[in-house]
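What follows is each chain in one-letter form.
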Amino acid sequence: MKKFVAVFAVFLLLSVVRYQTLNADYPQDVEIEEKTLPVTYEQDGISFTVHRVTMDTVTRDEEEDKPLIRVVAHLTIENESAEDVPLPLVLNQMHLNNFSKTFSTIQPPIDGDDPEEIVIPADETIEFDAEYLVAKLNQEEQMVYLAIIPELYEEKYQEKLEQKILYYETIPVEGAL
Amino acid sequence: MIRSDFYRVSKRRRLWLLLPIYLILLVMELNSIFTTDMAQSLQDVDWFVQAGSRTIWPPLFPTKAYLIHQYLVYFIVALPASDLFIEDAKTQFLEHYQMHAKREKYALSHYMSNFIIAGLAGVLPLLCISWLDFMMVPSVGTHPINMNVLPADRAYLYDLFFDHFWLYFFIVQIRAFLGCGLIGAFSMAINNTFHNSYVGYVLPLFIMQLSVELPVIGDAYLVTELPSSVSKIGVGGWIFVLLMIAFILYDVFKQMKGNER
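Model, not experiment: these values are computed from the prediction.

Novice: Give a detailed account of the overall build of chain B, specifying residues and quantitative values.
Specialist: Of the regular secondary structure elements, chain B holds eleven helices and zero strands. In chain B, buried positions account for 55% of the 261 residues. Within chain B, counting contacts between residues at least 6 apart in sequence, those at least 24 apart form 77% of the total. On chain B, roughly 12000 Å² of surface is accessible, and the fraction owed to carbon and sulfur atoms is 69%.

Novice: Can you lay out the nonpolar core for me, pointing to particular residues and giving the numbers?
Specialist: One finds B:Val77, B:Phe85, B:Tyr111, B:Met244 and B:Ile248 to be the most contacted residues of the largest nonpolar core, which totals 30 residues. Elements with a minimum of two residues in this core: helix H4 (64-78), helix H5 (84-90), helix H6 (93-100), helix H7 (103-136), helix H9 (165-194), helix H10 (199-213) and helix H11 (235-257) of chain B. Ranked by the residues each element gives to this core, the list is headed by H9(B), at eight residues. Setting aside its immediate chain neighbours within four residues, B:Ile248 contacts B:Tyr111, B:Leu182, B:Ala185, B:Phe186 and B:Ala189. Counting 17 residues, the second largest nonpolar core, distinct from the first, contains A:Val53, A:Leu75, A:Ile120 and A:Phe128.

Novice: I'd love a proper account of unusual backbone geometry, names of residues and values included.
Specialist: Phi at A:Asp123 is positive, roughly 60 degrees, even though this residue is not glycine. For A:Asp123, the location among the structural elements is in the loop between strand S7 (119-120) and strand S8 (124-135). One non-glycine residue, B:His195, lies in the positive phi region at around 50 degrees. Structurally, B:His195 can be placed in the loop between H9 and H10.

Novice: With reference to specific residues and values, describe the layout of surface pockets.
Specialist: Taken as a whole, the largest pocket spans an internal volume of roughly 1500 Å³. If you list the elements that add at least two residues to the lining of the largest pocket, you get helix H1 (2-23) of chain A together with helix H1 (2-10), helix H2 (18-35), H7 and H9 of chain B. Counting residues per element, the lining of the largest pocket draws most heavily on H7(B), at eleven residues. Split into classes, the residues belonging to the lining of the largest pocket amount to 30 nonpolar, four polar and three charged.

Novice: Could you give an account of the environment of B:Ala78, naming the residues involved and the relevant values?
Specialist: Residues and elements named next belong to chain B. Following the sequence through the fold, Ala78 ends up in helix H4. As for Ala78 and Asn114, which are separated by 36 residues in sequence, their C-alpha atoms are 8.6 Å apart. Apart from the residues lying within four places of it in its own chain, the contact partners of Ala78 are Ser187, Gly200 and Tyr201.

Novice: Just give me the short version of H2(B), but keep the residues and values in it.
Specialist: Residues and elements named next belong to chain B. Compared with the 26 Å implied by 1.5 Å per residue over 18 residues, the 26 Å span of H2 between its first and last C-alpha is a close match. Listing the buried residues of H2 in full gives Leu18, Ile21, Tyr22, Leu25, Glu29, Ser32 and Ile33. Looking down the long axis of H2, one finds its buried residues gathered within 110 degrees of arc, a one-sided arrangement. Those residues of H2 that are exposed and angled more than 90 degrees off the buried face are Ile24, Val27, Phe34 and Thr35.

Quick notes on the rules
Residues numbered from 1 in each chain as written. Chains lettered and ligands numbered in written order. Predicted model: local features only at pLDDT ≥ 70, side-chain atom pairs only at ≥ 80, totals over all residues. Heavy atoms only, no water. Helix = DSSP H or I, 4+ residues; strand = E, 2+ residues; numbered from the N terminus. Buried < 20%, exposed > 50% of the residue type's maximum accessible area, 1.4 Å probe, protein only. Contact = heavy atoms within 4.5 Å. Areas by Shrake-Rupley, 256 points an atom, 1.4 Å probe, with all protein chains shown as cover. Core = buried A, V, L, I, M, F, W, Y, C linked by side-chain atoms within 4.5 Å. 1 Å grid on protein atoms, 1.4 Å probe; cavity = no way out; pocket = protein on both sides within 12 Å on 5 of 7 lines; lining within 4 Å. Points joined across faces, edges and corners; volume = space filled by probe spheres on them. Nonpolar A, V, L, I, M, F, W, Y, C, P; charged D, E, K, R; others polar. Expected span 1.5 Å × (residues − 1). Arc of directions from axis to C-beta.

Below, the structure written as C-alpha coordinates:
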(Lines give C-alpha, C1' and ligand atoms only; values in the text may rest on other atoms or scores of the structure.)
Protein backbone atom coordinates (compact mmCIF):
# COMPACT_ATOMS: atom_id res chain seq x y z
CA MET A 1 0.00 0.00 0.00
CA LYS A 2 2.80 2.42 0.92
CA LYS A 3 4.57 1.65 -2.36
CA PHE A 4 1.38 2.34 -4.28
CA VAL A 5 0.89 5.68 -2.50
CA ALA A 6 4.52 6.63 -3.15
CA VAL A 7 4.28 5.77 -6.87
CA PHE A 8 0.99 7.64 -7.15
CA ALA A 9 2.46 10.70 -5.43
CA VAL A 10 5.41 10.75 -7.86
CA PHE A 11 3.02 10.32 -10.77
CA LEU A 12 0.88 13.19 -9.51
CA LEU A 13 3.91 15.42 -9.06
CA LEU A 14 5.15 14.69 -12.58
CA SER A 15 1.67 15.42 -13.93
CA VAL A 16 1.58 18.80 -12.19
CA VAL A 17 5.04 19.65 -13.55
CA ARG A 18 4.00 18.60 -17.05
CA TYR A 19 0.78 20.67 -16.78
CA GLN A 20 2.65 23.77 -15.64
CA THR A 21 5.31 23.39 -18.35
CA LEU A 22 2.75 22.82 -21.08
CA ASN A 23 0.71 25.88 -20.14
CA ALA A 24 3.51 28.28 -19.32
CA ASP A 25 3.22 30.12 -22.64
CA TYR A 26 -0.55 30.29 -22.77
CA PRO A 27 -2.65 33.01 -21.13
CA GLN A 28 -4.87 31.79 -18.35
CA ASP A 29 -7.04 34.89 -18.36
CA VAL A 30 -9.16 36.34 -21.12
CA GLU A 31 -8.87 40.10 -21.13
CA ILE A 32 -12.31 41.60 -21.01
CA GLU A 33 -13.32 45.21 -20.88
CA GLU A 34 -16.94 45.56 -19.91
CA LYS A 35 -18.22 48.94 -20.93
CA THR A 36 -21.50 50.53 -21.71
CA LEU A 37 -22.16 51.74 -25.21
CA PRO A 38 -20.98 53.77 -26.99
CA VAL A 39 -17.56 52.23 -26.80
CA THR A 40 -14.47 53.24 -28.72
CA TYR A 41 -11.38 51.29 -29.56
CA GLU A 42 -8.37 52.68 -31.34
CA GLN A 43 -5.47 50.96 -33.00
CA ASP A 44 -2.93 52.06 -35.61
CA GLY A 45 -4.76 55.31 -36.31
CA ILE A 46 -8.11 53.62 -36.90
CA SER A 47 -10.82 54.04 -34.31
CA PHE A 48 -14.10 52.18 -34.04
CA THR A 49 -17.00 53.62 -32.14
CA VAL A 50 -19.89 51.27 -31.51
CA HIS A 51 -23.01 53.29 -30.81
CA ARG A 52 -25.57 50.57 -30.24
CA VAL A 53 -26.32 46.93 -30.91
CA THR A 54 -29.78 45.68 -31.80
CA MET A 55 -31.01 42.18 -32.24
CA ASP A 56 -34.27 40.61 -33.42
CA THR A 57 -35.50 37.36 -34.81
CA VAL A 58 -36.00 37.71 -38.48
CA THR A 59 -36.09 34.60 -40.51
CA ARG A 60 -35.27 30.92 -40.77
CA ASP A 61 -32.26 29.20 -42.18
CA GLU A 62 -33.97 27.18 -44.90
CA GLU A 63 -31.14 24.69 -45.31
CA GLU A 64 -30.88 23.79 -41.64
CA ASP A 65 -34.44 24.81 -40.71
CA LYS A 66 -33.34 26.94 -37.76
CA PRO A 67 -34.46 30.40 -36.67
CA LEU A 68 -31.99 33.16 -37.31
CA ILE A 69 -31.47 36.43 -35.48
CA ARG A 70 -30.37 39.59 -37.16
CA VAL A 71 -27.80 41.47 -35.12
CA VAL A 72 -26.87 44.97 -36.16
CA ALA A 73 -23.97 46.96 -34.74
CA HIS A 74 -24.15 50.65 -35.55
CA LEU A 75 -20.60 51.87 -35.96
CA THR A 76 -18.54 54.87 -36.77
CA ILE A 77 -15.14 54.07 -38.19
CA GLU A 78 -12.61 56.86 -38.32
CA ASN A 79 -9.42 56.48 -40.31
CA GLU A 80 -6.87 58.90 -38.90
CA SER A 81 -3.93 57.17 -40.53
CA ALA A 82 -2.16 58.50 -43.61
CA GLU A 83 -3.24 55.58 -45.79
CA ASP A 84 -6.51 54.31 -47.20
CA VAL A 85 -7.71 51.23 -45.39
CA PRO A 86 -9.95 48.53 -46.89
CA LEU A 87 -13.13 48.06 -44.85
CA PRO A 88 -12.83 44.24 -44.69
CA LEU A 89 -9.41 44.64 -43.09
CA VAL A 90 -10.91 46.83 -40.40
CA LEU A 91 -13.91 44.63 -39.83
CA ASN A 92 -11.72 41.60 -39.56
CA GLN A 93 -10.46 43.17 -36.41
CA MET A 94 -13.93 43.47 -34.99
CA HIS A 95 -16.11 40.51 -34.51
CA LEU A 96 -19.67 40.27 -33.39
CA ASN A 97 -20.62 36.97 -31.98
CA ASN A 98 -23.16 35.08 -30.02
CA PHE A 99 -22.97 32.05 -27.88
CA SER A 100 -23.65 29.52 -30.59
CA LYS A 101 -20.65 30.62 -32.63
CA THR A 102 -22.74 30.48 -35.77
CA PHE A 103 -22.14 33.97 -36.99
CA SER A 104 -22.18 35.03 -40.57
CA THR A 105 -20.47 37.67 -42.58
CA ILE A 106 -21.47 41.27 -43.18
CA GLN A 107 -24.75 41.22 -45.04
CA PRO A 108 -25.95 44.29 -46.84
CA PRO A 109 -24.19 46.41 -49.45
CA ILE A 110 -23.57 50.01 -48.42
CA ASP A 111 -25.03 52.50 -50.85
CA GLY A 112 -25.11 49.73 -53.40
CA ASP A 113 -21.44 48.91 -53.00
CA ASP A 114 -20.05 45.55 -52.04
CA PRO A 115 -18.70 45.90 -48.47
CA GLU A 116 -15.77 43.73 -49.47
CA GLU A 117 -14.58 46.43 -51.87
CA ILE A 118 -15.14 49.56 -49.77
CA VAL A 119 -12.08 51.57 -48.82
CA ILE A 120 -11.98 54.11 -46.00
CA PRO A 121 -9.90 57.04 -47.28
CA ALA A 122 -7.23 58.59 -45.10
CA ASP A 123 -8.55 61.14 -42.59
CA GLU A 124 -12.17 60.25 -43.27
CA THR A 125 -14.96 58.85 -41.17
CA ILE A 126 -17.72 56.51 -42.27
CA GLU A 127 -20.87 55.43 -40.52
CA PHE A 128 -21.66 51.82 -40.99
CA ASP A 129 -24.18 49.22 -39.92
CA ALA A 130 -22.52 45.86 -39.62
CA GLU A 131 -25.24 43.26 -39.92
CA TYR A 132 -24.86 39.66 -38.99
CA LEU A 133 -27.17 36.66 -38.98
CA VAL A 134 -26.72 34.30 -36.07
CA ALA A 135 -28.56 31.16 -35.03
CA LYS A 136 -31.36 31.56 -32.53
CA LEU A 137 -30.87 29.40 -29.49
CA ASN A 138 -33.71 27.88 -27.54
CA GLN A 139 -33.69 30.49 -24.83
CA GLU A 140 -35.27 33.85 -24.17
CA GLU A 141 -32.05 35.77 -23.76
CA GLN A 142 -29.02 35.55 -25.91
CA MET A 143 -25.58 36.98 -25.41
CA VAL A 144 -24.00 39.19 -27.98
CA TYR A 145 -20.31 39.77 -27.92
CA LEU A 146 -18.39 42.46 -29.63
CA ALA A 147 -14.77 41.59 -29.81
CA ILE A 148 -11.78 43.49 -31.03
CA ILE A 149 -8.87 41.47 -32.27
CA PRO A 150 -5.76 43.61 -31.91
CA GLU A 151 -3.66 41.81 -34.46
CA LEU A 152 -4.49 41.43 -38.10
CA TYR A 153 -6.51 38.52 -39.34
CA GLU A 154 -3.60 36.77 -40.99
CA GLU A 155 -1.63 36.41 -37.80
CA LYS A 156 -3.88 33.75 -36.38
CA TYR A 157 -1.67 32.46 -33.67
CA GLN A 158 -1.07 35.89 -32.21
CA GLU A 159 -4.78 36.61 -32.21
CA LYS A 160 -5.50 33.57 -30.15
CA LEU A 161 -3.13 34.72 -27.49
CA GLU A 162 -4.00 38.37 -27.52
CA GLN A 163 -7.68 38.58 -28.26
CA LYS A 164 -9.49 41.27 -26.40
CA ILE A 165 -13.19 41.26 -25.80
CA LEU A 166 -14.21 44.87 -25.95
CA TYR A 167 -17.83 44.62 -25.03
CA TYR A 168 -20.46 42.05 -24.35
CA GLU A 169 -24.08 42.14 -23.46
CA THR A 170 -27.04 39.86 -22.96
CA ILE A 171 -30.00 41.00 -25.02
CA PRO A 172 -33.54 39.61 -24.80
CA VAL A 173 -34.66 38.18 -28.10
CA GLU A 174 -37.99 39.57 -29.18
CA GLY A 175 -40.45 37.85 -31.43
CA ALA A 176 -38.88 34.46 -31.01
CA LEU A 177 -40.05 31.96 -33.57
CA MET B 1 -18.08 -6.64 6.01
CA ILE B 2 -17.63 -4.15 3.18
CA ARG B 3 -13.92 -4.85 3.38
CA SER B 4 -14.49 -8.55 2.81
CA ASP B 5 -16.69 -7.70 -0.19
CA PHE B 6 -13.90 -5.55 -1.61
CA TYR B 7 -11.39 -8.36 -1.09
CA ARG B 8 -13.71 -10.86 -2.71
CA VAL B 9 -14.33 -8.64 -5.75
CA SER B 10 -10.64 -7.82 -6.09
CA LYS B 11 -9.90 -11.52 -6.59
CA ARG B 12 -12.37 -11.88 -9.45
CA ARG B 13 -10.73 -12.69 -12.77
CA ARG B 14 -13.37 -10.83 -14.72
CA LEU B 15 -11.87 -7.55 -13.52
CA TRP B 16 -9.13 -8.07 -16.11
CA LEU B 17 -11.80 -7.58 -18.76
CA LEU B 18 -11.91 -3.91 -17.77
CA LEU B 19 -8.27 -3.42 -18.72
CA PRO B 20 -8.66 -3.79 -22.51
CA ILE B 21 -11.80 -1.63 -22.38
CA TYR B 22 -9.92 1.14 -20.58
CA LEU B 23 -6.97 0.83 -22.96
CA ILE B 24 -9.20 1.07 -26.01
CA LEU B 25 -10.84 4.21 -24.61
CA LEU B 26 -7.47 5.82 -23.91
CA VAL B 27 -6.08 4.95 -27.34
CA MET B 28 -9.18 6.45 -28.95
CA GLU B 29 -8.76 9.61 -26.89
CA LEU B 30 -5.11 9.87 -27.95
CA ASN B 31 -6.24 9.39 -31.52
CA SER B 32 -8.72 12.27 -31.12
CA ILE B 33 -6.09 14.53 -29.60
CA PHE B 34 -3.50 13.99 -32.29
CA THR B 35 -5.39 13.36 -35.46
CA THR B 36 -8.87 14.75 -35.46
CA ASP B 37 -11.09 17.41 -34.03
CA MET B 38 -9.13 18.48 -30.98
CA ALA B 39 -5.86 19.02 -32.77
CA GLN B 40 -7.71 20.85 -35.48
CA SER B 41 -9.50 23.08 -32.98
CA LEU B 42 -6.23 24.08 -31.44
CA GLN B 43 -4.60 24.93 -34.71
CA ASP B 44 -6.83 27.24 -36.60
CA VAL B 45 -10.42 26.22 -37.13
CA ASP B 46 -11.87 29.43 -35.84
CA TRP B 47 -9.69 32.43 -35.43
CA PHE B 48 -11.94 33.74 -32.74
CA VAL B 49 -12.04 30.75 -30.46
CA GLN B 50 -9.41 30.28 -27.84
CA ALA B 51 -9.35 26.53 -27.86
CA GLY B 52 -7.68 24.77 -24.96
CA SER B 53 -7.93 21.67 -22.86
CA ARG B 54 -10.67 23.23 -20.75
CA THR B 55 -12.79 24.36 -23.64
CA ILE B 56 -12.51 21.00 -25.38
CA TRP B 57 -12.71 18.95 -22.22
CA PRO B 58 -14.74 15.84 -23.11
CA PRO B 59 -17.99 16.54 -21.21
CA LEU B 60 -18.21 19.77 -23.16
CA PHE B 61 -16.70 18.54 -26.39
CA PRO B 62 -17.47 14.80 -26.49
CA THR B 63 -14.80 12.79 -28.23
CA LYS B 64 -15.24 9.29 -29.60
CA ALA B 65 -13.81 7.76 -26.43
CA TYR B 66 -16.29 9.69 -24.34
CA LEU B 67 -19.26 8.73 -26.49
CA ILE B 68 -18.23 5.07 -26.39
CA HIS B 69 -17.92 5.34 -22.62
CA GLN B 70 -21.52 6.57 -22.42
CA TYR B 71 -22.66 3.22 -23.78
CA LEU B 72 -20.04 0.89 -22.31
CA VAL B 73 -20.42 2.37 -18.83
CA TYR B 74 -23.49 0.19 -18.20
CA PHE B 75 -21.35 -2.90 -18.72
CA ILE B 76 -18.31 -1.46 -16.95
CA VAL B 77 -20.19 -0.68 -13.73
CA ALA B 78 -22.13 -3.94 -13.69
CA LEU B 79 -19.19 -6.22 -14.37
CA PRO B 80 -17.26 -6.19 -11.08
CA ALA B 81 -19.85 -6.75 -8.37
CA SER B 82 -23.48 -6.57 -9.50
CA ASP B 83 -24.05 -10.30 -9.01
CA LEU B 84 -22.84 -10.61 -5.41
CA PHE B 85 -26.26 -11.79 -4.16
CA ILE B 86 -26.62 -14.27 -7.00
CA GLU B 87 -23.19 -15.70 -6.36
CA ASP B 88 -24.01 -16.02 -2.67
CA ALA B 89 -27.18 -17.93 -3.46
CA LYS B 90 -25.33 -20.32 -5.75
CA THR B 91 -22.46 -20.97 -3.36
CA GLN B 92 -21.97 -21.26 0.37
CA PHE B 93 -21.14 -17.56 0.87
CA LEU B 94 -24.59 -16.74 2.26
CA GLU B 95 -24.25 -19.21 5.13
CA HIS B 96 -20.77 -17.85 5.83
CA TYR B 97 -22.07 -14.27 5.99
CA GLN B 98 -25.08 -15.17 8.14
CA MET B 99 -22.77 -16.62 10.75
CA HIS B 100 -21.08 -13.23 11.10
CA ALA B 101 -23.76 -10.61 10.47
CA LYS B 102 -27.46 -9.91 10.42
CA ARG B 103 -29.35 -10.13 7.18
CA GLU B 104 -29.90 -6.34 7.09
CA LYS B 105 -26.21 -5.61 7.47
CA TYR B 106 -25.38 -8.23 4.88
CA ALA B 107 -27.73 -6.73 2.28
CA LEU B 108 -26.64 -3.15 2.92
CA SER B 109 -22.99 -4.16 2.78
CA HIS B 110 -23.38 -5.78 -0.64
CA TYR B 111 -25.25 -2.79 -2.01
CA MET B 112 -22.76 -0.26 -0.62
CA SER B 113 -19.77 -2.24 -1.86
CA ASN B 114 -21.31 -2.54 -5.29
CA PHE B 115 -22.14 1.18 -5.34
CA ILE B 116 -18.57 2.19 -4.49
CA ILE B 117 -16.93 -0.33 -6.83
CA ALA B 118 -19.27 0.54 -9.71
CA GLY B 119 -18.65 4.26 -9.14
CA LEU B 120 -14.89 3.79 -9.18
CA ALA B 121 -14.97 1.48 -12.22
CA GLY B 122 -17.05 3.98 -14.17
CA VAL B 123 -15.15 7.12 -13.18
CA LEU B 124 -11.62 5.76 -13.60
CA PRO B 125 -11.65 5.89 -17.44
CA LEU B 126 -13.17 9.38 -17.34
CA LEU B 127 -10.38 10.54 -15.07
CA CYS B 128 -7.76 8.97 -17.33
CA ILE B 129 -9.29 10.56 -20.42
CA SER B 130 -9.32 13.97 -18.71
CA TRP B 131 -5.74 13.42 -17.55
CA LEU B 132 -4.64 12.70 -21.12
CA ASP B 133 -6.32 15.88 -22.33
CA PHE B 134 -4.75 18.06 -19.68
CA MET B 135 -1.31 16.54 -20.26
CA MET B 136 -1.43 16.80 -24.05
CA VAL B 137 -3.47 19.90 -24.85
CA PRO B 138 -2.49 23.35 -23.59
CA SER B 139 -4.95 25.16 -21.40
CA VAL B 140 -6.09 28.73 -21.92
CA GLY B 141 -8.36 30.97 -19.89
CA THR B 142 -12.06 30.37 -20.22
CA HIS B 143 -14.91 32.77 -20.75
CA PRO B 144 -18.41 32.19 -22.15
CA ILE B 145 -17.13 33.70 -25.35
CA ASN B 146 -14.71 30.88 -26.07
CA MET B 147 -17.08 28.09 -25.17
CA ASN B 148 -19.02 26.69 -28.04
CA VAL B 149 -20.88 23.69 -26.68
CA LEU B 150 -22.10 24.66 -23.23
CA PRO B 151 -25.34 26.63 -23.41
CA ALA B 152 -26.08 28.35 -20.12
CA ASP B 153 -29.58 26.93 -19.87
CA ARG B 154 -28.40 23.34 -20.13
CA ALA B 155 -25.13 23.47 -18.29
CA TYR B 156 -24.66 22.26 -14.75
CA LEU B 157 -23.07 24.81 -12.37
CA TYR B 158 -22.38 27.09 -15.28
CA ASP B 159 -20.69 29.92 -13.35
CA LEU B 160 -18.47 27.64 -11.33
CA PHE B 161 -16.87 26.35 -14.51
CA PHE B 162 -15.50 29.79 -15.29
CA ASP B 163 -14.66 30.92 -11.77
CA HIS B 164 -13.21 27.79 -10.15
CA PHE B 165 -12.49 25.23 -12.81
CA TRP B 166 -10.79 22.62 -10.65
CA LEU B 167 -13.61 22.70 -8.09
CA TYR B 168 -16.03 22.27 -10.96
CA PHE B 169 -13.93 19.37 -12.28
CA PHE B 170 -14.04 17.71 -8.86
CA ILE B 171 -17.83 18.13 -8.58
CA VAL B 172 -18.32 16.68 -12.06
CA GLN B 173 -16.28 13.62 -11.08
CA ILE B 174 -18.33 13.22 -7.90
CA ARG B 175 -21.49 13.44 -9.95
CA ALA B 176 -20.11 10.84 -12.37
CA PHE B 177 -19.23 8.62 -9.42
CA LEU B 178 -22.77 8.87 -8.04
CA GLY B 179 -24.27 8.26 -11.48
CA CYS B 180 -22.11 5.19 -12.08
CA GLY B 181 -22.84 3.90 -8.58
CA LEU B 182 -26.56 4.35 -9.13
CA ILE B 183 -26.45 2.42 -12.39
CA GLY B 184 -24.37 -0.28 -10.69
CA ALA B 185 -27.00 -0.59 -7.95
CA PHE B 186 -29.72 -0.67 -10.59
CA SER B 187 -27.90 -3.53 -12.33
CA MET B 188 -27.66 -5.38 -9.03
CA ALA B 189 -31.40 -4.96 -8.39
CA ILE B 190 -32.15 -6.24 -11.88
CA ASN B 191 -29.87 -9.22 -11.40
CA ASN B 192 -31.64 -10.01 -8.12
CA THR B 193 -35.07 -9.65 -9.69
CA PHE B 194 -34.30 -12.01 -12.54
CA HIS B 195 -32.05 -14.16 -10.39
CA ASN B 196 -29.47 -14.07 -13.12
CA SER B 197 -25.84 -12.90 -13.19
CA TYR B 198 -25.80 -11.52 -16.73
CA VAL B 199 -29.06 -9.71 -17.36
CA GLY B 200 -27.81 -6.73 -15.34
CA TYR B 201 -25.05 -6.15 -17.90
CA VAL B 202 -27.40 -5.27 -20.72
CA LEU B 203 -30.88 -4.50 -19.41
CA PRO B 204 -30.03 -1.09 -17.85
CA LEU B 205 -28.63 0.12 -21.18
CA PHE B 206 -31.72 -1.18 -22.93
CA ILE B 207 -34.03 0.59 -20.46
CA MET B 208 -32.07 3.85 -20.69
CA GLN B 209 -32.19 3.80 -24.47
CA LEU B 210 -35.88 2.95 -24.37
CA SER B 211 -36.47 6.01 -22.21
CA VAL B 212 -35.23 8.17 -25.05
CA GLU B 213 -38.10 6.96 -27.18
CA LEU B 214 -40.79 7.48 -24.57
CA PRO B 215 -42.53 10.81 -25.10
CA VAL B 216 -44.17 10.48 -21.67
CA ILE B 217 -40.97 11.35 -19.84
CA GLY B 218 -39.82 13.93 -22.34
CA ASP B 219 -36.31 14.94 -21.51
CA ALA B 220 -35.45 11.68 -19.80
CA TYR B 221 -32.80 11.16 -22.45
CA LEU B 222 -30.58 13.27 -20.27
CA VAL B 223 -30.46 10.36 -17.86
CA THR B 224 -28.46 8.45 -20.41
CA GLU B 225 -25.79 11.11 -19.95
CA LEU B 226 -25.95 10.85 -16.18
CA PRO B 227 -22.61 9.12 -15.67
CA SER B 228 -20.48 11.45 -17.70
CA SER B 229 -22.27 14.60 -18.70
CA VAL B 230 -22.38 18.13 -17.35
CA SER B 231 -25.95 18.65 -18.51
CA LYS B 232 -28.76 19.48 -16.17
CA ILE B 233 -31.24 16.68 -15.67
CA GLY B 234 -34.75 17.66 -16.65
CA VAL B 235 -38.00 16.86 -14.85
CA GLY B 236 -38.55 13.70 -16.87
CA GLY B 237 -34.99 12.66 -16.12
CA TRP B 238 -35.48 13.13 -12.40
CA ILE B 239 -38.66 11.05 -12.53
CA PHE B 240 -36.64 8.33 -14.17
CA VAL B 241 -33.89 8.59 -11.55
CA LEU B 242 -36.46 8.44 -8.74
CA LEU B 243 -38.04 5.36 -10.30
CA MET B 244 -34.60 3.74 -10.41
CA ILE B 245 -33.97 4.60 -6.76
CA ALA B 246 -37.42 3.28 -5.77
CA PHE B 247 -36.73 0.02 -7.56
CA ILE B 248 -33.31 -0.27 -5.89
CA LEU B 249 -34.79 0.45 -2.42
CA TYR B 250 -37.50 -2.12 -3.02
CA ASP B 251 -34.85 -4.72 -3.76
CA VAL B 252 -32.73 -3.65 -0.79
CA PHE B 253 -35.66 -4.21 1.59
CA LYS B 254 -36.45 -7.48 -0.13
CA GLN B 255 -32.88 -8.65 0.40
CA MET B 256 -32.97 -7.46 4.03
CA LYS B 257 -35.99 -9.62 4.68
CA GLY B 258 -34.39 -12.51 2.89
CA ASN B 259 -37.20 -13.19 0.41
CA GLU B 260 -35.29 -15.40 -1.90
CA ARG B 261 -36.62 -17.74 -4.45
